[in-house]
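Structure at a glance
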Amino acid sequence: MSSSAELAPPVPAAAELPRLLAGALADRPLSLTEHFERYGPVRQSAGRSRGEELIELAAAAGLTGRGGAGFATARKLRAVADARAHARPVVVANGVEGEPVSDKDKALLRHAPHIVLDGVALAAEAVGARTAIVALADSASHELAAVRAALAERERRNVDQIQIEVARVPDWFVAGEETAIVHALNGGPAAPTFTPPRPFERGVGGAPTLVQNVETLAHLALIARFGPEWFRAVGTAAEPGSALVTVSGAVSRPGVYEVPLGLPLADLLSWANGPSEPLSAFLIGGYFGTWIAAEQALRLRLIDAELASSGASLGARAIVALPRSACGLVESAHVIRYLADESAGQCGPCVYGLEAIAGAFEQLAGGGRDASVGPAQLKRWLGQVKGRGACRHPDGAAHLVESALRVFGAEVELHARGGCSGTRRAPLPIGKAR
Ligand SMILES: Cc1cc2nc3c(=O)[nH]c(=O)nc-3n(C[C@H](O)[C@H](O)[C@H](O)COP(=O)(O)O)c2cc1C
Ligand code: SF4
């Protein structure tokens, strides 16, 4: 990556947020000139192998993946870099964001494509790749335009030493799973494949492949510039840094917020100008996430170590505030049906199990008289689908069902007597029908 001729601007105050979306404009992406004015060029390595240095920086920063699983980025970089003895690695920037209640990756790509592309180029340097692919969903037309324009600017100014392409995958919930992207890039459907081999062993074109979420790559670009201590100035020692979080549902100002990890959920709710009406629960972590009763959730901080006490994790970093006027059981039934329909249709427990679970849950939500399957039987079925798919889709869906049964238990009983406390539907979006 070129260091550009511009003078480096001062290092941004470490505790200042936002970091990734700093200076984002409402109506257009930051240009390359604006991007370099804000962040300066990438710091050059002092002697030792540049790739090794980048991996060490990611490790010292404690950077973890922002795509859902929270895997240590340095370990993944190391695994792909080590596999380069067999073949030249490929980097895939995962900007698919199939999660319907998440907009953080798309917001980053729309507003600040260069910070992602810096991260792509650096990750390629770290693992020894000469090719990188930015994967986007078919419907992401604004993001596609932003990335294409940014790539053209970088080419004109000869910024990158690697080839960066853009690829599109269908708008399926599971299309952003890493083996699904690799499968699609290899000419197959965007459906997960059985592992091993994992992408880092054999991925795009059979080469070792690093699949990294676009936000993770953007953090890498800032760590390479400003160092691990700067990154660690926010967050906690065990879960350092900041993260983009999408807030939706019954809040006055829904949107994407960059939070220091460990921020109390109550503070994030204030950033979103508070609830727009009384709340009953929060869904934490998107549609693979966990319902938590509002009172309990508002005592928690946004770090996995604390959320775990309520069976939750940050997951896809999407948070939905459920208004009291909506029925959590009905809303969950709607989402569980969507997840069952989004099964890639290749593993029995996922295809038949999720279908049966969605049907039984719909009966619970629709009114008890027809419900032939009670919560106890439903829980047994959940145990039978978990860990039984090629990907974690059934596990994620089962997790949501379990938390819905726990948090909306009183509603299950009310529905069994023909009642429902909801007076209107909540804005829980689902993707396009497949
Ligand atoms: C069903 C399913 C869907 C997923 N969708 C996405 C997605 O849209 N975007 C994403 O970054 N990761 C997604 N993931 C996680 C990826 O498989 C992978 O772990 C991630 O891209 C790795 O990047 P990271 O380490 O930077 O988080 C999904 C996982 C599963 C099981
Ligand atoms: S577990 Fe479900 S979504 Fe995942 S590959 Fe199998 S059928 Fe597809």
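To keep things clear, this report deals only with the structure shown in the data block. (Residues numbered from 1 in each chain as written. Chains lettered and ligands numbered in written order. Predicted model: local features only at pLDDT ≥ 70, side-chain atom pairs only at ≥ 80, totals over all residues. Heavy atoms only, no water.)

Quick notes on the overall build of the chain
Our working rule: Think of it this way: any DSSP run of H or I at least four residues long counts as a helix, any run of E at least two long counts as a strand, and we number them from the N terminus. Accessibility here uses a 1.4 Å probe with only protein chains present; expressed as a share of the type maximum, an area under 20% marks a residue as buried, one over 50% as exposed, and anything in between as partly exposed. In this description, contact between two residues means that some pair of their heavy atoms is separated by no more than 4.5 Å. Computed by Shrake-Rupley with a 1.4 Å probe, the accessible areas treat only the displayed protein chains as cover when residues are assessed. Working convention for charge: Lys and Arg count positive, Asp and Glu count negative, and His plus the chain ends are omitted. Here the site of a charge means NZ on Lys, CZ on Arg, CG on Asp, or CD on Glu.
Scanning the chain for helices and strands turns up 17 helices and nine strands. The principal-axis extents of the C-alpha atoms in the chain amount to approximately 70 × 45 × 35 Å. For the chain, with 434 residues in total, the buried portion stands at 54%. The contacts of the chain with a sequence gap of at least 6 include a subset with a gap of at least 24, amounting to 71%. A total accessible area of about 17300 Å² is found for the chain, and carbon and sulfur atoms account for 53% of it. One way to put it: in the chain the 43 positive side-chain charges average out to a point 2 Å from where the 44 negative ones average out.

Here's the deal with the nonpolar core
Rules: Nonpolar cores are built from buried Ala, Val, Leu, Ile, Met, Phe, Trp, Tyr and Cys residues. Side-chain atoms within 4.5 Å join them into one set.
Formed by 52 residues in total, the largest nonpolar core has its most connected members in L77, V91, L108, I115, V116 and I164. If near-sequence neighbours (up to four positions away) are discounted, I164 is found in contact with L117, V120, A132, V134 and L151. A318, V320, V335 and C350 belong to the second-largest nonpolar core, a separate cluster that totals 43 residues.

Quick notes on the sheet that holds strand β9 (residues 318-323)
Definition in use: The rule for pairing is simple: two strands pair if DSSP sees at least two bridges between them. Lines are fitted to the C-alpha atoms to define the axes, a helix being fitted only along its stretch in contact, and any angle between axes, read from their N-to-C directions, falls within 0 to 180 degrees.
Across the sheet, five strands lie side by side as β6-β5-β9-β7-β8; this open sheet has mixed pairing. In this open sheet, the two strands that pair with only one neighbour each are β6 (255-260) and β8 (290-293). Taken pair by pair, the neighbouring strands of this sheet meet at an average axis angle of 30°, ignoring direction. Two strands pair when backbone bridges link them, and strand β7 (residues 279-284) and β8 are joined in this way by four bridges, in the antiparallel orientation.

What about the pattern of salt bridges?
Cut-off, in case you're wondering: Whenever Lys or Arg places a side-chain nitrogen within 4 Å of a carboxyl oxygen from Asp or Glu, that contact is recorded as a salt bridge.
Taken as a whole and judged by the stated rule, the model has 23 salt bridges. One salt bridge connects R424 with E277, and the closest N-O pair in it is separated by 2.3 Å. With R424 in the segment after α17 (409-416) and E277 in the loop between α10 (265-271) and β7, this pair connects stretches of sequence that are 147 residues apart. On the basis of relative accessible area, R424 is assigned to the partly exposed category, the value being 39%. By relative accessible area, E277 is classed as partly exposed at 22%. The salt bridge partner of D395 is R392, with a shortest N-O separation of 3.8 Å. Judged by its relative accessible area of 14%, D395 is buried.

Details of the site of ligand 1
Put simply, the rule reads: Nearness of a residue to a molecule or strand requires only that one of the residue's heavy atoms be within 4 Å of it. Here a polar contact is taken to be a pair of N or O atoms separated by no more than 3.5 Å, where protein atoms must pair a possible hydrogen donor with a possible acceptor and residues adjacent in sequence count only if both atoms sit in side chains. Amino acid classes used here: Ala, Val, Leu, Ile, Met, Phe, Trp, Tyr, Cys and Pro are nonpolar; Asp, Glu, Lys and Arg are charged; the rest, including Gly, are polar.
Taken together, the neighbourhood of ligand 1 is formed by 17 residues, with G67, K76, E178, N213 and T216 sitting nearest. Separating an oxygen atom of ligand 1 from a side-chain N or O atom of N94 is a distance of 2.9 Å. Between ligand 1 and N213, the relevant distance is 2.8 Å, taken from an oxygen atom to a side-chain nitrogen or oxygen of the residue. Protein contacts shield 88% of the accessible area of ligand 1, which totals 620 Å² for the unbound molecule. Top contributing element to the shell around ligand 1 by residue count: strand β4 (residues 209-213), with three residues. Here the shell around ligand 1 is built from residues that sort into four nonpolar, eight polar and five charged.

Here we look at the packing of aromatic side chains
Condition: Pairs were defined over the aromatic rings of Phe, Tyr and Trp, the Trp ring being its six-membered one, requiring ring centres within 6.5 Å. Orientation was assigned from the angle between planes: stacked under 30 degrees, edge-to-face over 60, tilted for the rest. Our definition puts a charge over a ring when NZ of Lys or CZ of Arg is within 6 Å of the ring centre and also within 35 degrees of the ring normal.
This structure, assessed with the given rule, holds five aromatic pairs. Three or more aromatic residues link up through ring pairs in this structure, and these residues are F173, Y287, F288 and Y338. Note that R19 overlies the ring of W230, its terminal NZ or CZ placed 4.0 Å from the centroid.

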